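# Tertiary structure, described
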Amino acid sequence: MFDWDAVWKFIVSPFFLQAAWTTLWLSVVAQLAGVVLGLFLALMRMSRFKWLSFPVQVYVWFFRGSPLLVQVLLLWDGLPKLVPGLLFSQITCILIAFSLNEAAYMSEIIRAGISSVDPGQMEAARALGMRYWLAMRRIILPQAARVIIPPLGNEFNNMLKTTSIASVIGLEELTGTAEILGAPTFSIFELLIVATVYYLLLTTLWDYFQRWIERRLDPEYAAKGGRPGRRPGQKSWTQRVLGFGNPPLESGELIAGGHGGAR
Amino acid sequence: MTQQQSYNGYQEQEPPLPSAVPQVTESAEMVRVEQAVKRFGDLLVLNNVSMTVKRGQVVVIIGPSGSGKTTLLRCINHLEKIDSGRIYVDGQLVGYRLVNGRLVEAREAEIAKMRAQIGFVFQRFNLFAHMTALENIIEAPVHVLGIPRDEAIAQAMELLRKVGLEEKAHVYPHKLSGGQQQRVAIARALAMRPKLMLFDEATSALDPELVGEVLKVMRQLAEEGMTMVVVTHEMGFARDVADHVIFMDHGVIVEEGPPEQIFDNPQNERTRNFLGLIAAD
């Protein structure tokens, strides 16, 4: 018999709120690490030096070519055997495995994003005396971001669900909590339903958030007046972070600033 | 008038950043190319090319497609590396430095510093697509030279006025015509207060009716005494504006001289053929 009472009892319980929080922060940290590491991998992969690009190819080949579950178990069970005494906590182990795995995928996504930017943009930046990192940060990455953000959103959606793998080494995120709490009363099925509701809640919220970011990446978002309530031309948070969409200045401000007084 | 005052006023309060201070070597030669050789694989693009550009001079390079003129121009600010030979800009070796008598590739910072003093205008404009015209112009002054943002904006507005696009300051490149984009690109290069401007077929990607507005800006620059190296197919411009014309073909300088000589009395048969073909167009 399906036990509805178990569902109602646990759906807003501290256990699952705590578990949802674990799932969320694991996902966020692993995704952020994956993006940062993936950026460096992508830039190395795009280097004209073989000794920089080849190791990345091997890295990506390994992490995309083997199951994440196996990578987690290798780190959890295998590493202590290989290096006696080296035993990570469950959380550390999961974060390392997830970050490394995600970096492989992100590096390919970021590489595609950077490749989508016209090479003339980099040339123009260099011709103006900009150095590689400055040109990357100010010119290339903001333009690549528009190509990178949609698949990055999918990656994070995936990440929220993939954290369930952490349950196999006993971590109490959503899936693990359902299993552990459900086992004594034979109500695992009911509690997995509860976990599913939480997963759906998280992915739905993320979906809205992602659409919000993508709208903001439109370079003319600010020029069009942006969100209701925002001063026309005021930069959105996303635009500030990514370094574009500077607010247009009224010509009056220029005169007030003491320049161009002839007008 | 205002522009002049503002510009000079700005010069006086120039921040003492090393990278912002133009070289004051004052050599009479702005550009000196010595026996430059450049290969793309098996193709010899520059075959022992030597040339000089004096300070304040406008040198126009003409020649058929694939003659190496664009490559030569790109080598001058090290967008392409020469395989052998030497290039000097304002007395300084481009892209390399001498270490114990041997040429060593310069550090990125040195190359960047040199490029910051050389304006380059691309055939395809290459305006930063995610920035407005104004943002395009202030980007390098603010982030490379470290000029305060409001000063950079004031200077950019003067430059936009100069190229006749003041009202387009807050417009993104894709909303501008080709001619307008190129004029913004010229303003962007000028915002670095370069001592040398390089133009790589600046009007070749433009609709015919838009060529004039860009040439007008280039003409004005030449009249103001800017040192310029111009790769172009615009023979009228070359004849009117150039102090010196270089005709290139198959990676070599075939003939060079004052425009009257090149256009009215070309000595070399290949020059005559090329100009004949152009005239027949």
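Residues numbered from 1 in each chain as written. Chains lettered and ligands numbered in written order. Predicted model: local features only at pLDDT ≥ 70, side-chain atom pairs only at ≥ 80, totals over all residues. Heavy atoms only, no water.

## Re the interface of chain A and chain B
Residue-level contacts link 32 residues of chain A with 40 residues of chain B. At the junction of chain A and chain B, the tally comes to 4 salt bridges. Two residues, R138(A) and E139(B), come together in a salt bridge whose shortest N-O distance is 2.7 Å. Viewed at the interface, chain B and chain A are joined by 9 residue pairs in polar contact (both at pLDDT 80 or more). At the level of elements, helix 6 (119–127) and helix 7 (132–162) of chain A are the ones that each hand at least two residues to the side of chain A that touches chain B. Its residues assigned to classes, the side of chain A that touches chain B shows 15 nonpolar, 8 polar and 9 charged. (Contact = heavy atoms within 4.5 Å. Salt bridge = Lys/Arg side-chain N within 4 Å of Asp/Glu carboxyl O. Polar contact = N/O pair within 3.5 Å; in protein donor to acceptor, adjacent residues only side chain to side chain. Helix = DSSP H or I, 4+ residues; strand = E, 2+ residues; numbered from the N terminus. Nonpolar A, V, L, I, M, F, W, Y, C, P; charged D, E, K, R; others polar.)

## Focus: the UniProt feature "domain: ABC transmembrane type-1" (unreviewed entry) in chain A
The UniProt entry lists residues 20–210 of chain A under the feature "domain: ABC transmembrane type-1" (unreviewed entry), expressed in the numbering used here. Helix makes up 81% of residues 20–210 of chain A and strand 0%, whereas the separation of the span's terminal C-alpha atoms amounts to 19 Å. (UniProt positions renumbered as here; feature names shortened; annotations may be inferred.)

## As for the packing of aromatic side chains
Using the criterion set out here, one finds 14 aromatic pairs over all chains in the structure. For the ring pair F16(A) and Y198(A), a centre distance of 6.0 Å and an interplane angle of 15° mean the geometry is stacked. Separated by 182 residues along the polypeptide, F16(A) in helix 2 (residues 14–45) and Y198(A) in helix 9 (residues 188–216) bring together distant segments of the chain. Neither F16(A) nor Y198(A) differs from the other in exposure class; each is buried. On the numbers, 5.0 Å between centres and 90° between planes, the contact of F62(A) with F63(A) is edge-to-face. Residue classification places F62(A) among the partly exposed residues on the basis of a relative accessible area of 36%. Taken together, the ring pairs in this structure connect F10(A), F15(A), F16(A) and Y198(A) into an aromatic cluster. The ring of F128(B) carries R188(B) above its face, with NZ or CZ at 4.5 Å from the centroid. (Phe/Tyr/Trp six-rings, centres within 6.5 Å; stacked < 30°, edge-to-face > 60°. Buried < 20%, exposed > 50% of the residue type's maximum accessible area, 1.4 Å probe, protein only. Lys NZ or Arg CZ within 6 Å of the ring centre and 35° of its normal.)

## As for the UniProt feature "transmembrane region" (unreviewed entry) in chain A
Residues and elements named next belong to chain A. The positions that UniProt labels "transmembrane region" (unreviewed entry) are, in the present scheme, residues 20–44, 56–76 and 188–209. Taken as a whole, residues 20–44 contains 100% helix and 0% strand, while its terminal C-alpha atoms sit 36 Å from one another. The span residues 188–209 is 100% helix and 0% strand, and its two end C-alpha atoms sit 31 Å from each other.

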